[in-house]
Amino acid sequence: MKFNTKTIHGGQSPDPAYGAVMPPIYQTSTFAQTTPGGHKGFEYSRSGNPTRSALENAFASIENGEHGLAFGSGLAAIDAVIKLLETGDEVVSTSDIYGGTYRLFTSIFEKFGIKFHFIGMEDAENIEHYINDKTKLIWVETPTNPMMNVIDIKATAAIAKKHKVLLAVDNTFATPYLQQPLDLGADIVMHSATKYIGGHSDLIMGALVVNDKDLADRLYFIQNASGAICGPQDSFLALRGIKTLHVRMQRHCENGKAVAEYLNQHPKIENVYWPGFESHPNHEIAKAQMKDFGGMVSFTTKGNNYEEAIKIVENLKVFTLAESLGGVESLAGHPASMTHASIPKEEREKTGVVDSLIRLSVGIEDEDDLIADLKQAIG
Ligand SMILES: *Cc1c(COP(=O)(O)O)cnc(C)c1O
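Read on for an overview of the structure.

Here is what the cut-offs are and how they apply
- Residues numbered from 1 in each chain as written.
- Predicted model: local features only at pLDDT ≥ 70, side-chain atom pairs only at ≥ 80, totals over all residues.
- Heavy atoms only, no water.
- Pairing = 2+ DSSP bridges.
- Helix = DSSP H or I, 4+ residues; strand = E, 2+ residues; numbered from the N terminus.
- Axes fitted to C-alpha atoms, helices over the stretch in contact; angles between N-to-C directions.
- Patch = residues over 30% accessible without salt bridge, like charges linked within 9 Å, V, L, I, M, F, W, Y side chains within 5 Å.
- Areas by Shrake-Rupley, 256 points an atom, 1.4 Å probe, with all protein chains shown as cover.
- Salt bridge = Lys/Arg side-chain N within 4 Å of Asp/Glu carboxyl O.
- Lys, Arg positive; Asp, Glu negative; His and termini not counted.
- Charge placed at Lys NZ, Arg CZ, Asp CG, Glu CD.
- Near = heavy atom within 4 Å.
- Polar contact = N/O pair within 3.5 Å; in protein donor to acceptor, adjacent residues only side chain to side chain.
- 1 Å grid on protein atoms, 1.4 Å probe; cavity = no way out; pocket = protein on both sides within 12 Å on 5 of 7 lines; lining within 4 Å.
- Sits in = over half its atoms within 2 Å of the grid points.
- Nonpolar A, V, L, I, M, F, W, Y, C, P; charged D, E, K, R; others polar.
- Core = buried A, V, L, I, M, F, W, Y, C linked by side-chain atoms within 4.5 Å.
- Buried < 20%, exposed > 50% of the residue type's maximum accessible area, 1.4 Å probe, protein only.
- Contact = heavy atoms within 4.5 Å.
- Expected span 1.5 Å × (residues − 1).
- Points joined across faces, edges and corners; volume = space filled by probe spheres on them.
- Domains from an automatic or database assignment.

## Digging into the sheet that holds strand E6 (residues 188-192)
Strand order in this open sheet of seven strands is E1-E7-E6-E5-E4-E2-E3, and the pairing throughout is mixed. At either end of the open sheet lies a strand with only one pairing partner, and these are strand E1 (67-71) and strand E3 (115-119). Shown here is a sheet whose adjacent strand axes are inclined to one another by a mean of 20°, direction ignored. Of the strand pairs in this sheet, E1 and strand E7 (residues 206-210) are connected by five bridges, and their pairing is antiparallel. Opposite Leu69, over in E7, you have Leu208 as the bridge partner.

Listed below in structure tokens is the structure:
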């Protein structure tokens, strides 16, 4: 099956009870047994629920993987991955990762004796300098947030294989429509399904997909033992979202390109960060590993004025000023005062998060309205 068919049919068949085409919402905590242990595949909804199960199969299908697991949030999915490790183990992670991932690694897991090295990975060879006999996992996020750096998954996977460490890729920004990390050699692919996969800004959810059966069993054990699952109603919403992932992504990419190109020729704009530009430092890797360049675009204004950037995001009318990304509606954020406000100015500026940086999640509205909105807001 090709991707555009998998989003609609992957891992799903009509419900055996009445032939419902959409997997029904099995809003139940428990399942009747005829004799102790005599059940139809489900006994308690933390351990498994038919609606969640359909979603987990759909996750696996769209990521070209064997096993999918759904969690109550993206962070719960990451939490499960790190729980594969033990005290004394080390992780090499992309430095400009999602802020919540950084907080989970440093504020929760470091106190249990797991060590994290946060490094630039645009040059994959840099990773090898941080690998030793305690390293168990490489954590990659690509494209990165909000600077849109792109990391070579295949080259990173080769390093992971050579040193026998796991490679996990946070595929939230790209989605499986644009890149499928398992096919490029990753062991674990992770999603905040809250974003493009759900796609309608109406749920919080996480996903993991793996090929290896033993790894899947270990992650399932953690999912059930720690209990950070998602409910049947949200599973249904995510299944519904996945069905249009390919058409939404196609439009996100078209609109993203139009917005990036508009901003790039605007006299008041200094830099536009979007991997589709030939001048983007990782453009060749992006072209090789991604089908298209996505709907996330960041930019700075000439003079790098904090107040001017605030005024632009306040002036926007079609773009909503809000955290998050990946929904059908366009959103704008000002990292220096929002997502990255807790990071000291000198620290955030080292990674490019300067005062005038604005991040756009370009939605699927009409391109002309989005450009007109940017035009009136920037002036
Ligand atoms: C939002 C996000 C997360 C966290 O996911 P939640 O669903 O909010 O818990 C992780 N990684 C990336 C890249 C994200 O954008």
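## So, a negative patch on the surface
Together, Asp366, Glu367, Asp368 and Asp369 line one region of the surface with negative charge. Within the secondary structure, Asp366 is located in the loop between strand E12 (358-361) and helix H14 (367-378).

## Section: the site of the ligand
Close to the ligand lie Ser73, Gly74, Leu75, Tyr98, Glu141, Asp170, Thr172, Ser192, Thr194, Lys195, Met205 and Leu325, which account for all nearby residues. Contacts to the ligand include Asp170, whose side-chain N or O atom sits 2.7 Å from a nitrogen atom. Protein chains shield 95% of the accessible area of the ligand, which is 380 Å² for the free molecule. At a threshold of 2 Å from the grid points, most atoms of the ligand map onto the largest pocket. Across the shell around the ligand, the residue classes break down as four nonpolar, five polar and three charged.

## Some words on the nonpolar core
Judged by nonpolar contacts, the single largest core of 60 residues is most densely connected at Phe59, Leu263, Leu360 and Leu374. Broken down by element, the residue count for this core peaks at eight residues, all from helix H10 (residues 245-264). Dropping the residues within four chain positions of it, Leu360 is found in contact with Val259, Leu263, Gly295, Met296, Val297, Phe299, Phe319, Leu331, Ala332 and Leu374. Membership of the second largest hydrophobic core comes to 28 residues, among which are Ile82, Phe109, Leu208 and Leu215.

## Side note on helix H2 (residues 50-62)
Look at H2: 19 Å from first C-alpha to last across 13 residues, which is about the 18 Å you get at 1.5 Å a residue. For H2, the buried fraction is high: 11 of the 13 residues fall into the buried class. Listed in full, the buried residues belonging to H2 are Pro50, Thr51, Arg52, Ala54, Leu55, Glu56, Ala58, Phe59, Ala60, Ser61 and Ile62. By the N-cap criterion, in which a side-chain oxygen at the helix start approaches the backbone nitrogen of a residue two or three places on, H2 is capped by Asn49, the distance to Thr51 being 2.9 Å. Two residues or fewer past H2, Asn64 is found with a positive phi of approximately 55°.

## What about the side chain of Lys195?
Mapped onto the fold, Lys195 is located in the loop between E6 and E7. For the buried Lys195, which has no salt bridge, the nearest side chain bearing the opposite charge is Asp170, at an N-O separation of 7.5 Å. Apart from the residues lying within four places of it in its own chain, the contact partners of Lys195 are Tyr98, Thr172, Ser324, Leu325 and Gly326.

## What about the layout of surface pockets?
Considering only enclosed or pocket space, the largest pocket measures out at about 1000 Å³ in volume. Around the largest pocket, the lining comprises 42 residues; the ones closest to its centre are Ile97, Tyr98, Gly99, Gly100 and Tyr102. Of all the secondary-structure elements, those providing two or more residues to the lining of the largest pocket are helix H3 (74-82), helix H4 (99-109), E6 and helix H13 (345-350). Mapping the lining of the largest pocket onto the domain boundaries places at least three of its residues in each of domain 1 (3-242) and domain 2 (246-378). Here the second largest pocket defines a volume of roughly 500 Å³.

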